[in-house]
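The lines below spell out each chain.
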Amino acid sequence: MPNLRYTKDHEWVTVDGDVATVGITEYAQDQLGDIVFVELPEVGRTVAAGEEVAVVESVKAASEVYAPVAGQVTETNPVLSDAPETVNADAAGDGWFLRIRMADPGEFDQLLDEAAYAALTGEA
Amino acid sequence: MSDTQSGAPDRAEPLLFELGSPGRSGIDLPAPAGCATRLGSAERSTGIGLPDLDEATVVRHYTRLSRLNHGIDTAFYPLGSCTMKHNPRLHEKLARLPGFADVHPLQPISTVQGALTVIDELARWLRTLTGLPAVAMWPAAGAHGELCGLMAIRAAHEAKGEARHRILVPDSAHGTNPATAAFCGFEVEKVQEGTDGRVDTASLEAALGPDVAAIMLTNPNTCGVFESDIQAMAEATHAAGAYFYCDGANFNALVGKVKPGDLGVDAMHINLHKTFSTPHGGGGPGAGPTVLSAALAPFAPLPWVLPEDGGQLRLLEQATGPAGASFGRLRAFHGQMGTFVRALAYCLSYGREGIRQVAEDAVLNANYLRSALADTLSPAYPGPCMHECLFDDSFLDGTGVTTLDFAKALIEHGFHPPTVYFPLVVSGALLVEPTETESRTTLDSFIEAALDLAARAHGSEAGNFADAPGNAPRRRADETRAARSPVLRWKPPAAERG
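Residues numbered from 1 in each chain as written. Chains lettered and ligands numbered in written order. Predicted model: local features only at pLDDT ≥ 70, side-chain atom pairs only at ≥ 80, totals over all residues.

(A) Local environment of the overall build of chain A. Scanning chain A from N- to C-terminus turns up three helices and nine strands. In chain A, the order of α-helices and β-strands from amino to carboxyl end is β-β-β-α-β-β-β-β-β-α-β-α. A globule of 124 residues ought to have a C-alpha radius of gyration of about 14 Å, and chain A, at 13 Å, matches this closely. Viewed in the frame of its principal axes, chain A has a C-alpha envelope of about 35 × 35 × 20 Å. Relative to its 124 residues, chain A shows a buried fraction of 35%. Sequence separation of 24 or more characterises 62% of the internal contacts of chain A that already satisfy a separation of 6 or more. (Helix = DSSP H or I, 4+ residues; strand = E, 2+ residues; numbered from the N terminus. Rg over C-alpha atoms; globule rule 2.2 N^0.38 Å. Buried ≥ 20, exposed ≤ 12 C-beta atoms within 10 Å, placed from the backbone. Contact = placed C-beta atoms within 7 Å.)

Here it is, written out as structure tokens:
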């Protein structure tokens, strides 16, 4: 899927116009185990690429989620506050975290493609 | 009710709220007469919902709970990174001497000279064992000691007119390190780890810069290995104008053998409750005295214990005179007297040579476990370890058994599980710290249990692990549900709410 990219920190990104949707990968949710809490940023916040934007907590560990691209947070997933297990059930779909209006849509193309991410996780 | 009073230790123990019965009491006191309050309409007109209980019910409740507990006084407790060693009873006896146990921080200074002497003598031991010139005795525990060290570091930078806002922390540091740095207002930056479980010196050097206030390293680190490049890292840190905070939680592996001052450390807390024998793990009082280098000593927190003419000791409680640069008080009063007494008793009963053997035996015991388990479990890193040995979960590959299952099954054999899923840099980590106070017999029985479980994980019984522990007072807790829908307080049953 040319419209789907990844980061080395196990986030996935899809893009629609200049808005990027961000979540954590299937590999990440599997490593974390049962997710019990997701902390999301405030809508309207301006983030730099690589900046911490969310925290995901499982029974094993708490991990940071980083903004894959720079821009402004336009939306967060309202489902996750009451049902963080959605991330386990559907990490790549209903378990999305947030949307960012990209400051530089060109940043998206510099992220990892599917093959590069698969190589990173050893699942090529 | 009669069932719960039978004393059978395997029954679920009701809450005190469920044991209460209206009208019961432990002590009958007449209602106070002629006592007017000035609370007016703010005065409470109803009860606050505490249960009515008699003394025997309360004593039995807590005694039964204590019988459900697993402690270092009941069995082996190899909880990695926590140093659950035996606490000699002699030290308990000394800590309970009335002169120490009943001392009050507001007593006239002339009446607490003995207590101050204990603090001062212990301070001398800690300075000698660490090779550093100053020690702040007051931090309440390890993380509080980290705060003390970072506040001294911040004060030292401020005194030089420097605003440095970054602190470098590797993944193998204790989890409290980044939390302390963030709490202190610093930005935390991770440092990469090499493949041998040690901090990559080149990555550390590359991350250093004019805005770095300090590095925070744990040595031996949470992978159980010694940071062998620590002196080079200290030199690079100092060359960049930053300070070196060492987390001393694992001092049990080094005490009497290595002086952190010789390694270039500027500040390090010492968990007296771990290395120097105070019962801990139940939240009971700890102490985290923090040693400081000459560069940081002037900023040490108040009060300072100083000698007076005539041999008396006094407390300097203001940031004046020699303490003029102190960053101020860190807490009310003077720390945990009982822990100080136990720690000094520990030093005196072992002596210098004995303390050296503490570290040697702690490392020997960990390596005995490691080598006996290395062929069956999967050590995370090659080579000998320090005071704790780290395994990953690759030995469970293909069995369907997880690290958590394996840890829970150890309970069935009468052992407290090791630390699991920490450090995070290792998949499904099992961190085992036997400490020096365990006999070879205990270690052998643990080894036998671990080998047996590993064999069963690969056999037809692998499915049974999901139900472990089968014979404990409490079976497997649903950790996910507990975290997702926590029940934080008891509420009366709806029918009785009236």
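What follows continues from the structure just given.
(B) Just the packing of helix H5 (residues 113-130) of chain B against helix H11 (residues 337-373) of chain B, in detail. Residue and element names in this part refer to chain B. Two elements in contact, H5 and H11, have axes separated by 9 Å at closest approach and are oriented at 50°. One element, H5, and the other, H11, form an angle in the oblique class. Note that H5 runs across H11; the crossing there is left-handed. Touching Ala-115, Val-118, Ile-119, Glu-121, Leu-122 and Trp-125 of H5 are Met-337, Phe-340, Val-341, Ala-343, Leu-344 and Cys-347, all from H11. Looking at the contact of H5 with H11 residue by residue, the classes come out as 11 nonpolar, no polar and one charged. (Axes fitted to C-alpha atoms, helices over the stretch in contact; angles between N-to-C directions. Parallel < 35°, antiparallel > 145°, perpendicular 65-115°, else oblique. Left-handed = near helix turned anticlockwise from the far one by under 90°. Nonpolar A, V, L, I, M, F, W, Y, C, P; charged D, E, K, R; others polar.)

(C) Spotlight on the interface of chain B and chain A. Between chain B and chain A, the residue contacts involve six residues of the former and six residues of the latter. Classifying every residue of the side of chain B that touches chain A by side-chain character gives three nonpolar, one polar and two charged.

(D) The domain arrangement of chain B, seen in detail. For chain B, the assigned domains are domain 1 (1-26 + 51-68), domain 2 (90-344) and domain 3 (353-484). Taking the mean C-alpha position of each, domain 1 of chain B and domain 3 of chain B sit 35 Å from one another. (Domains from an automatic or database assignment.)

(E) Quick peek at the sheet that holds strand S6 (residues 52-58) of chain A. Residue and element names in this part refer to chain A. The sheet built from three strands is open, its strands ordered S4-S6-S7 with antiparallel pairing. Looking along the sheet, the strands with just one partner apiece sit at the ends: strand S4 (35-39) and strand S7 (62-66). Averaged over all pairs of adjacent strands, the angle between their axes in this sheet comes to 25°, without regard to strand direction. Bridging between S6 and S7 involves five bridges; their strand directions are antiparallel. When the sheet's bridge partners are listed, Val-56 is paired in S7 with Ser-63. (Pairing = 2+ DSSP bridges.)

(F) Looking closely at the pairing of strand S8 (residues 304-307) of chain B. Residues and elements named next belong to chain B. Where S8 meets strand S9 (residues 313-316), four bridges bridge the pair, whose relative direction is antiparallel. The residue of S9 that forms the bridge with Pro-307 is Leu-313. Between S8 and S9, which pair antiparallel one after the other, the connecting turn spans five residues, and Gly-310 there sits at a positive phi close to 95°.

(G) Representation of the nonpolar core in the model. Ala152(B), Ile153(B), Ala214(B), Tyr245(B), Ala267(B) and Leu292(B) are the most contacted members of the largest nonpolar core, which totals 120 residues. A per-element tally of this core places H11(B) first, with 16 residues. Counting contributing residues, this core receives three or more from each of domain 2 (90-344) and domain 3 (353-484) of chain B. Apart from residues no more than four positions distant in its own chain, Leu292(B) is found in contact with Leu132(B), Ala134(B), Val135(B), Ala136(B), Ala152(B), Ala267(B), Ala297(B) and Ala300(B). Counting 29 residues, the second-largest nonpolar core is a separate cluster that includes Trp12(A), Leu32(A), Val87(A) and Met102(A). (Core = buried A, V, L, I, M, F, W, Y, C linked by C-beta atoms within 7 Å.)

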